[in-house]
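The lines below spell out each chain.
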Amino acid sequence: MEQVIQQTNIRKGLTKLVVPIFIETLLIMTLGAVDTIMLSRYSDNSVAAVGVVNQIVMFSFLVFEVINIGTSVLCSQYLGAKLQKNMVQVVGVSLLLNLVVGGIVSAILHFGAETLLGWMGLRPELLKYGIGYMQIVGAFAFFQAISLTISASLRSANKAIYPMLVTVLVNILNIVGNYTLIFGKFGFPALGAEGAAISTSVARGVSMVVLFIILFRKHIPRFPLAYFRPFPFIELKKLLQVGLPSAGENMSYSFSQVVITYLINILGNNALTTRTYTVNIVMFVYLFAIAMAQGGAISIGHLVGQHKIRAAYLLGKYVMRLSILVSLLLSCIWAVFGHSIFSMLTNNEEIIKLGVTVMIVDVLVEIGRAVNIYATNALRSAGDVNYPFYVGLVVQWIVSVGFSYLFGIYWGWGLVGMWCAFLLDENIRALIFVRRWNSLKWAKKSFVK
């Protein structure tokens, strides 16, 4: 009876985390989708160009995840073990590192925009949209680096409501800014893709400032110098120990998507535009899985810090089952209404027909994706950070990239063939991760001894 009550309380705590994380993630996804939807009213070419730029920008953002994933995992376990000083040290070191790294990434994206897009094989009619967008968004990438670190810290302390509220503000600013600068309203010039970039960058800057204010008022009032003299290299080592393999898995996935985007570019503008629209649509399918996985990972980290391994194991199984169920239901709904959704975005019949077919295949992709999102977060939060990296590195490149070329280019199945490769990749990794969680080998990987 006591165990049942404990599991009930844990699930209630999970719900309090998941709801704000869900809303925040929804709004973050909306932030990207708003650019795509509004630019679709400007031109399909601008959508395709921004889609390629965002692949590069999002890949570069994963550099920040080296620190942010470590921040989330260590803070969760330290808070579970009531090690306040260690938690403050971790957050301080994380902010410093991401400020430096963010500045370097911003410079690379801004000054290397034309070179990077040239490497992606972007055609001249798309390049004119892509360069301006990337130079502006890239220059202010460090805003995102700092914001992600602060948000990770707040969520690990069960204060997920605050990043959610900030994201609401950011979305309002971005929508108003896009409307004003893309189409030239209220006396401003019509800047198209560059207008979307300015709006997004300003919104991210406001987000960073507000999150800093919340951090000092609601979570960590100050960072005592005594905590950082001498410099806590042991916490830096742990951050990298968690972050490098964890971010490595994410970077492997994102870089594989960059390569796949290059392959899709070979198929032509319609395939590239369809892929951009589809990615923005299906994000809302696995939104719940992301929220469940992030909330579950924080709760699992707390339980591991308290040495409650059995409770962490059962919570992980619960998160996985619920994620699969919701993702499957949503993907089926999206597939049924695929034609209507694409028709709202474009008048190009070839894009609509191709998008509808891809959405049908995606139903099976989302089953595996839900498991992978849950499992990678759960294993990391328990300290088992290397296993997801090794699995992702091998399977993503052999199956997702290799079979995308085989099905899509070599055999001529096009974009649908590439989505079949994604189906195999996601579900093969899902089976491997389920077996790992059930083995309980992750139980000995905790950073709190």
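Summarised in this report is the structure supplied together with it. What you see is a predicted model, and the numbers here were worked out from it, not measured in a lab.

Describing the overall build of the protein chain
Next up, step 1: The helix and strand inventory of the protein chain stands at 16 helices and zero strands.
Next up, step 2: Relative to the globule expectation of 22 Å for 449 residues, the C-alpha radius of gyration of the protein chain, 21 Å, shows essentially globular dimensions.
Next up, step 3: When the backbone C-alpha atoms are referred to their principal axes, the protein chain occupies close to 60 × 45 × 35 Å.
Next up, step 4: Once local pairs closer than 6 in sequence are excluded, the contacts in the protein chain between residues at least 24 apart make up 84%.
Next up, step 5: Summed over its atoms, the accessible surface of the protein chain is roughly 18500 Å², and 68% of this surface lies on carbon and sulfur atoms.
Next up, step 6: Positive and negative side-chain charges of the protein chain, numbering 33 and 17 respectively, have mean locations separated by a distance of 16 Å.

Some words on the pattern of salt bridges
Next up, step 1: All told, the structure shown has six salt bridges when counted by the stated rule.
Next up, step 2: Among the salt bridges present, the one from D425 reaches R429, with a minimum N-O distance of 3.0 Å. With a gap of four residues between them, D425 and R429 both fall in helix α16 (residues 414–439), about one helical turn apart. Accessibility classification places D425 together with R429 in one group, the buried group.

Observations concerning the state of the cysteines
Next up, step 1: In this structure the tally under the stated criterion is zero disulfides.
Next up, step 2: As a non-bridged cysteine, C332 has C420 as the owner of its nearest cysteine sulfur, 16 Å distant.

Brief notes about helix α14 (residues 349–381)
Next up, step 1: Look at α14: 45 Å from first C-alpha to last across 33 residues, which is about the 48 Å you get at 1.5 Å a residue.
Next up, step 2: Residue V363 marks the point of greatest curvature in α14, where the axis turns by about 35°.
Next up, step 3: Taken across its 33 residues, α14 has 25 buried, putting it largely inside the fold.
Next up, step 4: Its side-chain oxygen at 3.0 Å from the backbone nitrogen of E350, N348 defines the N-terminal cap of α14.
Next up, step 5: Immediately downstream of α14, the backbone of G383 shows phi near 100°, a positive value.

Focus: the environment of E249
Next up, step 1: Relative to the helices and strands, E249 resides in helix α9 (residues 233–267).
Next up, step 2: Taking the relative accessible area as the measure of exposure, E249 reaches 5% and is therefore buried.
Next up, step 3: Along the chain, E249 and V391 lie 142 residues apart, while their C-alpha atoms are 8.4 Å from each other.
Next up, step 4: When residues no more than four places from it in sequence are discounted, the contact partners of E249 are T376, R380, P388, F389, G392, Q396 and R429.

Let's talk about a nonpolar patch on the surface
Next up, step 1: A cluster of nonpolar side chains, L96, V100, I104, I108, F231 and F233, forms an exposed patch at the surface whose accessible area comes to about 570 Å².
Next up, step 2: Here the element with the most residues in the nonpolar patch is helix α3 (residues 84–111); it accounts for four residues.
Next up, step 3: The residue V100 is located in helix α3 in this model.

With respect to the environment of G268
Next up, step 1: Secondary-structure assignment places G268 in the loop between α9 and α10 (269–282).
Next up, step 2: G268 sits in the buried class, given a relative accessible area of 17%.
Next up, step 3: Note: C-alpha distance between G268 and K445 (177 residues apart in sequence) is 47 Å.

Side note on the side chain of E426
Next up, step 1: Along the chain, the position of E426 falls in helix α16.
Next up, step 2: Side chain to side chain, E426 and R429 meet in a polar contact 3.2 Å long.

Concerning the packing of aromatic side chains
Next up, step 1: Scanning all chains against the criterion turns up 19 aromatic pairs.
Next up, step 2: With centroids separated by 5.6 Å and ring planes inclined at 50°, the aromatic side chains of F389 and Y390 adopt a geometry described as tilted.
Next up, step 3: Grouping aromatic residues by their ring pairs yields a cluster made of F212, F216, F223 and F228.
Next up, step 4: In this arrangement the basic side chain of R436 is found over the ring face of Y387, its NZ or CZ atom lying 4.1 Å from the centre.

Topic: helix α15 (residues 386–410)
Next up, step 1: Helix length check: α15, at 25 residues, gives a terminal C-alpha distance of 34 Å against a target of 36 Å (1.5 Å per residue), a fit within 8%.
Next up, step 2: The largest bend in α15 is about 35°, located at Q396.
Next up, step 3: All buried positions along α15 are accounted for by P388, V391, G392, V395, Q396, V399, S400, V401, S404, F407 and G408.
Next up, step 4: Two residues or fewer past α15, G412 is found with a positive phi of approximately 75°.

With respect to unusual backbone geometry
Next up, step 1: With omega at -5°, the peptide bond leading from R229 into P230 counts as cis.
Next up, step 2: Turning to its location among the elements, P230 is positioned in the loop between α8 (193–219) and α9.
Next up, step 3: The residue K82 is not glycine, and still its phi comes out positive at about 60°.
Next up, step 4: Relative to the elements of secondary structure, K82 occurs in the loop between α2 (44–80) and α3.
Next up, step 5: Even without being glycine, F186 reaches a positive phi, approximately 55°.

Here is what the cut-offs are and how they apply
- Residues numbered from 1 in each chain as written.
- Predicted model: local features only at pLDDT ≥ 70, side-chain atom pairs only at ≥ 80, totals over all residues.
- Heavy atoms only, no water.
- Helix = DSSP H or I, 4+ residues; strand = E, 2+ residues; numbered from the N terminus.
- Rg over C-alpha atoms; globule rule 2.2 N^0.38 Å.
- Contact = heavy atoms within 4.5 Å.
- Areas by Shrake-Rupley, 256 points an atom, 1.4 Å probe, with all protein chains shown as cover.
- Lys, Arg positive; Asp, Glu negative; His and termini not counted.
- Charge placed at Lys NZ, Arg CZ, Asp CG, Glu CD.
- Salt bridge = Lys/Arg side-chain N within 4 Å of Asp/Glu carboxyl O.
- Buried < 20%, exposed > 50% of the residue type's maximum accessible area, 1.4 Å probe, protein only.
- Disulfide = S-S within 2.5 Å.
- Expected span 1.5 Å × (residues − 1).
- Bend = angle between axes of the 7 residues up to and from the residue.
- Polar contact = N/O pair within 3.5 Å; in protein donor to acceptor, adjacent residues only side chain to side chain.
- Patch = residues over 30% accessible without salt bridge, like charges linked within 9 Å, V, L, I, M, F, W, Y side chains within 5 Å.
- Phe/Tyr/Trp six-rings, centres within 6.5 Å; stacked < 30°, edge-to-face > 60°.
- Lys NZ or Arg CZ within 6 Å of the ring centre and 35° of its normal.

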